[in-house]
Amino acid sequence: MGKVTKILLKTLSVAILFLIFCPIMLTLLIELPSVQNFLVDKAAKIVSEKIGTTVAIEKLRFRFVDGLVLNGFYAEDFQHDTLLYVDRLSVKFGSFNKTDGLQLRGGKVQGGHLFLHETPEGDMNIKQVVDRLTKKDRTPKENPFRLTIDKIRLDDFDLIIERREHRDPEYGIDFYDMHINRLTGDVENFSLAGSNVSGNVSGFSFEEHTGFAVENFATAFVVGKGTLEFENLMVETAKSRIKLPHVALRGEDWGAYKDFIRNVKINGQIVSSGISTDDIAHFAPKLLPWELSAHNVSAEVSGRVADLRVNVRNMEFGQSSSLKGNVRLRGLPDVKRGRMTLDLQRLKTNAADIAPVLAAIA
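What this report covers is the structure whose coordinates are included nearby. Every value quoted in this text rests on a predicted model; they were computed, and no experiment measured them. (Residues numbered from 1 in each chain as written. Predicted model: local features only at pLDDT ≥ 70, side-chain atom pairs only at ≥ 80, totals over all residues. Heavy atoms only, no water.)

1. Looking at the pattern of salt bridges
Scanning the model with the defined rule gives eight salt bridges in all. Between Glu300 and Arg313 there is a salt bridge, with its nearest N and O atoms 3.0 Å apart. With a gap of 13 residues between them, Glu300 in strand E12 (residues 293-304) and Arg313 in strand E13 (residues 307-317) connect regions that are remote in the sequence. The class for Glu300 is partly exposed, based on a relative accessible area of 33%. The class of Arg313 is partly exposed, set by a relative accessible area of 46%. (Salt bridge = Lys/Arg side-chain N within 4 Å of Asp/Glu carboxyl O. Helix = DSSP H or I, 4+ residues; strand = E, 2+ residues; numbered from the N terminus. Buried < 20%, exposed > 50% of the residue type's maximum accessible area, 1.4 Å probe, protein only.)

What follows is the structure in structure tokens.
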């Protein structure tokens, strides 16, 4: 009996030592540069096979306590051009299972850019990658790829959206060649399930390369098939502060966004907002000389950019002027050839307030 007890105690001692030293040895092993280089190559190969294009990682550092740090993450599109580059990506692990997918506690993206451009076939380059990830031919029992992140920070990130043809306006944003630079802010409760994306953004700031700058952008968002929905959207610039409780952009599919002006339906509400024509001029350049502002603006917007209806419930301007009415705008963004129909239901003004408005219109 004593001999059996000794054997059991020795076996237990060996098991305890194994449980103690195995994680330590594994940690030390992973810290070796040669092992981490091997992990870099394996990780890049796995991701490359998953999305069907080239992925490269310059440097990887894995620590059980700190999580994972990637330097120089690079992914190509199917045309062998840069799709995504990240200077430094750090993530803190959560859990992984087949039902909930990959869950991360946090992360940070420092520097880099996402380059979305139109392919010769007329699609955006990212569509091919998304189609590969969503696996349209999977069986009904298969779950789509899922990723959730409690909180991720973007710092000095650039987003480029480019069509094959540019409009090159003399002033204002070219929707065929947009560069959103120095994008910085926080994304919380981020969820990616197949082609559906949702989350909350706060404290975002950025500058479009033509000069339009946003100092604060915050909203809850949901992105689905051809649909973008925003709740409690706040946009602040140097001269405007716009609050939108709900905004929805709806196309039949993502292909509709190739002709956003004519094909995508817009529905939204504006409440208690201040708007400057200096900001609107980035989208409608003919308003640049107006230099007017309105406050306490509440309105409902519906239709498409080419045929837009605005129900102005209240708009105040000048010292003591206000108006209410319905506006229909047709032909935008070409203000020169566009037409505006105004059904004015109420106008309260004076000579001092109305004179700058009439001068701007004239």
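2. Things to note about the pairing of strand E10 (residues 241-250)
The pairing of strand E9 (residues 227-236) with E10 spans nine bridges and is antiparallel. By the bridge assignment, Met234 is partnered in E10 with Lys243. Counting the residues that bridge the hairpin from E9 to E10 gives four residues. (Pairing = 2+ DSSP bridges.)

3. Observations regarding a nonpolar patch on the surface
On the surface, Met340, Leu342, Leu344 and Leu347 cluster together to form a nonpolar patch covering roughly 390 Å² of accessible area. Looking at the element boundaries, Leu342 is found in strand E15 (residues 339-348). Its relative accessible area of 48% is what places Leu342 among the partly exposed residues. (Patch = residues over 30% accessible without salt bridge, like charges linked within 9 Å, V, L, I, M, F, W, Y side chains within 5 Å. Areas by Shrake-Rupley, 256 points an atom, 1.4 Å probe, with all protein chains shown as cover.)

4. With respect to the packing of aromatic side chains
Evaluated as defined, the whole model comprises one aromatic pair. A centroid spacing of 5.2 Å and a plane angle of 75 degrees characterise the contact between Phe212 and Phe283, whose relative ring orientation is edge-to-face. Placement of the pair is Phe212 in the loop between strand E7 (196-208) and strand E8 (213-224) and Phe283 in the loop between helix H5 (277-280) and E12, with a sequence separation of 71 residues. Judged by its relative accessible area of 10%, Phe212 is buried. With relative accessibility at 35%, the residue Phe283 sits in the partly exposed group. (Phe/Tyr/Trp six-rings, centres within 6.5 Å; stacked < 30°, edge-to-face > 60°.)

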